[in-house]
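Understanding the architecture of this molecule
These are the residues of each chain, in order.
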Amino acid sequence: MSKQPDRVIIFDTTLRDGEQSPGATLNVDEKLTVARALARLGVDVIEAGFPYASPGDFEAVQKIAKVVGVQGGPTICGLARATRQDITKAAEALKPAAKPRIHTFLATSDIHLAYKLKKTRQEVLEIVPEMVAYAKSFVDDVEFSPEDAGRSDPEFLYQVLERAIAAGATTVNIPDTVGYLTPSEFGQLIRGIKENVPNIDNAIISVHGHNDLGLAVANFLEAVKNGARQLECTINGIGERAGNAALEELVMALHVRRSYYNPFLGRPADSTEPLTNINTKEIYKTSRLVSSLTGMAVQPNKAIVGANAFAHESGIHQDGVLKNKLTYEIMDAESIGLTNNQIVLGKLSGRNAFGTRLKELGFELTETELNKAFVRFKEVADKRKEITDWDLEAIVNDEIHVA
Ligand code: KIV
Ligand code: ZN
């Protein structure tokens with residue numbers, strides 16, 4: 001019987017589900033750069049890709065497994081449909097990792113069974129344990145996801161999960177694939193699984209969710225209260241359609257409100273032990289890096305990492321913050337690695353200072369890209385007194401990724 005952890009495991013899927021965002025494709029080197037940043041951030045598991053999907057994905061997972069998945073580093077995970085060819089390919093790509101995980105999935109909702117898979121419930125009940133056992137013949141760490149769990153019949157879901165765990169799944173992940181559930185429904189689903197799957201204590205309960213109704217983060221927090229111990233998320237919340245649950249929002253909610261969440265993890269409310277292994281000071285830099293490499297700008301009012309997240313515009317707010325930051329701020333900008341000094345460069349700044357600041361912000365530019373961005377910086381700096389980090393981000397995104 002595996003003991004449920006008294007902290008929350010952060011499973012990052014920026015490089016798999018996040019990269020499924022329209023237009024967010026990354027090449028192998030870019031994926032490796034992101035994977036290194038995720039390791040510095042302290043994520044427990046990196047889902048590096050879907051090895052069967054393309055030779056590029058296979059190569060990226062293999063390279064990340066070798067370079068980032070070293071002893072003491074994060075678990076490296078590869079996605080596989082519940083088929084022998086997918087699982088074999090994932091196992092091959094993950095071979096160099098010190099801690100490899102195969103994540104296999106099969107849909108369980110009637111709508112997916114009828115229209116996508118054209119399979120019966122009975123067939124699913126047979127395929128799942130067979131494929132989990134097959135994955136287990138390659139690695140000890142196997143995760144199983146019943147896709148579209150959020151719209152599946154709970155009684156059927158319990159049976160599928162029981163069989164997956166009996167066959168060796170060490171994590172069972174509950175996806176709200178279409179972002180349909182509300183927080184109380186998601187909490188109830190997790191509670192139902194805990195109460196009705198007889199061998200559930202042999203696995204860690206994970207959650208995965210999309211943001212179609214803007215509820216993914218709220219759903220996950222409710223899931224934690226009901227027993228989930230792994231959260232599957234992406235940097236900046238990128239992902240299919242409206243995206244996935246955002247890592248930075250989940251981590252900072254658990255961090256800022258830890259006295260509220262501590263008791264749900266069996267700790268005293270006043271425990272100061274972190275709830276995750278994330279080094280929150282790396283959040284801002286990692287967000288910028290992912291935005292820069294994917295070309296997906298972060299909306300200004302995005303929680304935690306948006307340009308306005310720590311900006312105070314109204315006179316009343318500015319006055320309050322100057323007297324005591326706690327009047328209008330629930331967290332310190334420094335806790336996510338933002339320097340309070342946002343004004344960094346001006347028209348007299350040189351190329352070196354410009355390049356250094358971009359590096360600090362997480363941008364990895366080639367010489368040619370840096371030169372191009374520097375020309376644009378000088379044009380902007382000529383018209384403005386001050387250039388902030390947010391201006392720099394806009395310059396890089398406009399010049400390098402959009403132009
Ligand atoms: O959204 C989803 O259901 C997925 C699964 C593969 C976990 O991404
Ligand atoms: Zn997904």
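None of the values given here were measured: they were computed from a predicted structure.

As a further point, take the UniProt feature "domain: Pyruvate carboxyltransferase" (unreviewed entry) in the protein chain. As annotated by UniProt and renumbered to match this structure, "domain: Pyruvate carboxyltransferase" (unreviewed entry) occupies residues 8-269. Secondary structure across residues 8-269 divides into 43% helix and 18% strand, with the first and last C-alpha atoms of the span separated by 16 Å.

Surrounding ligand 1, one finds Asp17, Phe105, Ser145, Glu147, Pro175, Thr177, His208 and His210. Each residue belonging to the shell around ligand 1 can be placed in one class, and the counts come to two nonpolar, four polar and two charged.

Let us now look at unusual backbone geometry. Positive phi values are uncommon outside glycine, yet Asn236 reaches one of about 65°. Although it is not a glycine, Arg241 sits at a positive phi angle of roughly 50°. Mapped onto the fold, Arg241 is located in the loop between β8 (230-233) and α9 (247-256).

Below, the discussion takes up the sheet that holds strand β3 (residues 75-81). Pairing is parallel around the closed barrel formed by eight strands, whose spatial order is β1-β2-β3-β4-β5-β6-β7-β8. Neighbour-to-neighbour, the strand axes of this sheet turn through a mean angle of 25°, independent of strand direction. Pairing analysis gives four bridges linking strand β1 (residues 9-12) to β8, with the strands arranged parallel. Note that in β8 the partner of Ile10 across the bridge is Leu231. Contacting β3 and β4 (100-107), helix α3 (residues 84-94) crosses the sheet at an angle of about 160° to β3.

What follows concerns the UniProt feature "binding site: Mn(2+)" (unreviewed entry) in the protein chain. Within this structure's numbering, the places UniProt gives as "binding site: Mn(2+)" (unreviewed entry) are Asp17, His208, His210 and Asn244. Sequence-wise these annotated residues cover 228 residues; spatially they are packed, their C-alpha atoms never more than 10.2 Å apart. Examined against the element boundaries, Asp17 turns out to sit in the loop between β1 and α1 (28-41). Among all residues touching Asp17, those that are not within four sequence positions of it are Thr234, Gly239, Glu240 and Asn244. Residue placement: Asn244 occurs in the loop between β8 and α9.

Rules of the game
Residues numbered from 1 in each chain as written. Chains lettered and ligands numbered in written order. Predicted model: local features only at pLDDT ≥ 70, side-chain atom pairs only at ≥ 80, totals over all residues. UniProt positions renumbered as here; feature names shortened; annotations may be inferred. Helix = DSSP H or I, 4+ residues; strand = E, 2+ residues; numbered from the N terminus. Near = placed C-beta within 6 Å. Nonpolar A, V, L, I, M, F, W, Y, C, P; charged D, E, K, R; others polar. Pairing = 2+ DSSP bridges. Axes fitted to C-alpha atoms, helices over the stretch in contact; angles between N-to-C directions. Contact = placed C-beta atoms within 7 Å.

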